[in-house]
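Report on the structure
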Amino acid sequence: MVKLAEWRGKEIFRKYGVPLPPGRVARSPAEAEQWVRDGRVPLPCVIKAQVLAGGRGKGGAVRFANTPEEVRAAAQAILALEFKGERVREVLLEGKLAIGKELYVAITLDRSARVPLLLTSSQGGVEIETVEDSAIVRQPIHPFPGLAAYEKRRASQSLGLTGAAGKALSPLLDALWTAFNAEDAELIEINPLAVVGEGLVALDAKVIIEDDAGFRHPGYSEIRDDRTPLEEIAREKEIAFVQLDGDIGVIANGAGLTMATLDVLTEFGGHPGVFLDLGGTDDPAKVSEAFLLMAQARPRAVFLNIFGGVTRCDTVATGLVQAMGQIPPAERFPLVARIRGNNEVEGIEILRRAGITALSSLKESAQSVVAAAQGPAAAGGHA
Ligand code: ADP
Ligand code: MG
């Protein structure tokens, strides 16, 4: 999943002909000021943090300015923000438009029905999750013929558009549909789509590109702003590794067990901070490499929860013990292991010789990791 920053999403909009306010990206307050002094961005203008999280408007990450000095000050303030854990490195400057009404339009995939879905709502400008279900119109789109005229008319109706703005919707939806397909998007969202005078303008852009189609769009693989540096390394090594906000490291195998493990830890009051899905591997060196990467995230405790199948318990144990020998003592953390399944006895024995006790109950082991992460007096085994 490649989530694009607003300005990148808008570059796609521009390419396919979705109407936008005039805009420019700046990476410093001086550059921001220059864009308005040059007249590339008209005044009054809006200055928007380019982060992947939503809710910027409410969160102080969207500001308005009337003079070049105000633009500079606003850009400076926003570039100093950490918005929902993301450092702001870029701002988008756009002409401020007089908005008549804020609408919502999106095309996404309905994975259970296996078709694209057109979503429209006359209640735009607020997060769609907060809009009542009955105020959102959902139309499944047949992927081959694409958007039909009647579907566009129904969308227009649901948005309460008439006259010129209503006419403007049809080409806009066509452009979105073309972009959705040509760019292999899994989501294209405009929130708000603003009625401005007689026309429609996309004021925000959220575009997510389907990862599996990455090979068709080599340009997107250069976009890494949604990954942490460690996730970036993991990606290069083809390790399934995700960083979260918490402090417990989780190593499991298979997406199902990994997710269930995160849930169990959360259930017992723990905060998973990084997780690793070993998937199916029979190479202890790969396990070792993955584990060392996790160590770099400096978890307070690690929970190894493995169900041995293709990935045998002894392979995991061997890789783990090898890796542990390479972690400097000052950086070690308590480790709680629960390994079941293929070659379980051998795995437990390898861990035991390295001084790690394997527990068998999921509840007990989860509680033990949570306790270890919360206090310096480590529970369970140790690394
Ligand atoms: P977010 O969804 O992160 O809150 P938006 O891009 O949707 O950020 O902006 C929040 C609000 O700011 C919009 O709902 C709109 O009211 C206002 N806004 C954004 N861009 C403009 C613009 N170019 N002109 C006028 N108002 C704007
Ligand atoms: Mg928005």
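Residues numbered from 1 in each chain as written. Chains lettered and ligands numbered in written order. Predicted model: local features only at pLDDT ≥ 70, side-chain atom pairs only at ≥ 80, totals over all residues. Heavy atoms only, no water.

**A short note on the overall build of the chain**
The condition that has to hold: Where helices and strands are cited, they refer to DSSP runs of H or I of at least four residues and of E of at least two residues respectively, numbered from the N terminus. Three exposure classes are used, based on accessible area relative to the maximum for each residue type with a 1.4 Å probe and protein chains only: buried under 20%, partly exposed in between, and exposed over 50%. Whether two residues are in contact is decided by their heavy atoms: any pair within 4.5 Å suffices. Note on areas: Shrake-Rupley, 1.4 Å probe, and residue coverage restricted to the protein chains presented here. Charge counting treats Lys and Arg as positive and Asp and Glu as negative, with His and both chain ends excluded. In plain terms, the charge of a residue is placed at NZ if it is Lys, CZ if Arg, CG if Asp and CD if Glu.
Check the secondary structure of the chain and you find 11 helices and 19 strands. Along the three orthogonal principal directions, the C-alpha set of the chain runs to about 75 × 50 × 35 Å. Counting all 383 residues of the chain, 48% fall into the buried class. Within the chain, contacts between residues at least 6 apart in sequence are counted, and of these 68% link residues at least 24 apart. Surface summary for the chain: the accessible area is close to 17,900 Å², and the carbon and sulfur share equals 52%. Looking at the chain, you have 42 positive and 49 negative side-chain charges, and the mean spots of the two groups are 3 Å apart.

**Digging into the coordination of the magnesium ion (ligand 2)**
Four donors placed tetrahedrally around a metal ideally meet at 109.5 degrees, and six donors placed octahedrally ideally meet at 90 or 180 degrees. Note the following rule: Here the coordinating atoms are restricted to nitrogen, oxygen and sulfur within 2.8 Å of the metal centre, or 3.2 Å for Na, K and Ca, and because water is not among them the sites may look incomplete.
Protein coordination at the magnesium ion (ligand 2) comes from Asn191 (O) and Asp204 (OD), with a distance range of 2.1 to 2.2 Å. Of this pair, Asn191 sits in strand β11 (residues 185–196) while Asp204 sits in the loop between β12 (199–202) and β13 (206–209), and the two are 13 residues apart along the sequence. Its relative accessible area of 11% is what places Asn191 among the buried residues.

**Details of the environment of Gly197**
Along the polypeptide, Gly197 turns up in the loop between β11 and β12. Under the relative-accessibility criterion, Gly197 is labelled exposed at 58%. Residues Gly197 and Ser360, 163 residues apart in the sequence, show an inter-C-alpha distance of 67 Å.

**Comments concerning the site of ligand 1**
Stated precisely, the cut-off is as follows: Here a residue counts as near a molecule or strand whenever at least one of its heavy atoms sits within 4 Å of it. Here a polar contact is taken to be a pair of N or O atoms separated by no more than 3.5 Å, where protein atoms must pair a possible hydrogen donor with a possible acceptor and residues adjacent in sequence count only if both atoms sit in side chains. Put simply, Ala, Val, Leu, Ile, Met, Phe, Trp, Tyr, Cys and Pro go in the nonpolar bin, Asp, Glu, Lys and Arg in the charged bin, and everything else, Gly too, in the polar bin.
In the vicinity of ligand 1 lie 19 residues, with Lys48, Arg56, Gly57, Leu97 and Glu102 positioned nearest. Between an oxygen atom of ligand 1 and a side-chain N or O atom of Lys48, the distance comes to 2.6 Å. Gly55 places a polar main-chain atom, nitrogen or oxygen, 3.4 Å from an oxygen atom of ligand 1. For ligand 1, the protein covers 87% of the area, taking 550 Å² as the surface of the free molecule. Within the residue set of the shell around ligand 1, elements represented by two or more residues are β3 (45–49), β4 (62–65), β7 (91–95) and β11. By residue class, the composition of the shell around ligand 1 is 8 nonpolar, 5 polar and 6 charged.

**Observations concerning the domain arrangement of the chain**
Often the size quoted for an interface is simply the accessible area lost on bringing the parts together. Keep this limit in mind: Each domain's limits were defined by an automated method or a database of domain assignments.
Domain boundaries in the chain define domain 1 (22–95), domain 2 (101–220) and domain 3 (229–382). Between the C-alpha centres of domain 2 and domain 3 there is a distance of 42 Å.

**Regarding the pairing of β3**
To keep things clear, this is the line we draw: Two strands qualify as a pair provided that DSSP identifies no fewer than 2 bridges between them.
With 5 of its 5 residues buried, β3 lies for the most part within the structure. Every second residue of β3 is oriented toward a common face, with Cys45, Ile47 and Ala49 on one face and Val46 and Lys48 on the other, all of them buried. Bridge analysis of β3 against β4 gives 4 bridges, and the strand direction is antiparallel. In the strand pairing of β4, Lys48 is matched with Val62. Sheet topology note: the β3/β7 ladder contains 5 bridges and is antiparallel. Considered in β7, the bridge of Ile47 is made with Leu93.

**What to know about helix α3 (residues 68–79)**
What counts is decided by this rule: Multiplying one less than the number of residues by 1.5 Å gives the expected span of a helix.
For α3, with 12 residues, the first-to-last C-alpha span of 16 Å sits near the 16 Å given by 1.5 Å per residue. Check the buried side of α3 and you find it contacts α2 (29–37), β3, β4, β6 (86–87) and β7.

**Examining the confidence of the model for the chain**
Selection rule: Along the chain, pLDDT gives the predictor's confidence residue by residue, from 0 to 100.
Here the chain averages 91 in pLDDT, while 96% of its residues score no lower than 70. Here residues 377–383 scores under 50 on pLDDT; set against residues more than four positions off or in separate chains, the count is 18 contacts.

**Brief notes about the packing of helix α9 (residues 313–326) against helix α10 (residues 344–353)**
Rule in force here: Here the axes come from fitting lines to C-alpha atoms, over the contacting stretch only for helices, and the angles between their N-to-C directions go from 0 to 180 degrees. Note on angle classes: values under 35 degrees are labelled roughly parallel, values over 145 roughly antiparallel, values of 65 to 115 roughly perpendicular, and the remainder oblique. When the near helix sits turned anticlockwise from the far one by under a right angle, the crossing is termed left-handed; a clockwise turn instead gives a right-handed crossing.
At their nearest, the axes of α9 and α10 sit 7 Å apart, and the two run at 15 degrees to each other. If you check the angle between α9 and α10, you find them roughly parallel. Here α9 and α10 pass one another in a crossing that is left-handed. Residues Cys313, Asp314, Ala317, Thr318, Leu320 and Val321 of α9 lie in contact with α10, whose contacting residues are Glu344, Glu346, Gly347, Ile350 and Leu351. Split into classes, the residues belonging to the contact of α9 with α10 amount to 6 nonpolar, 2 polar and 3 charged.

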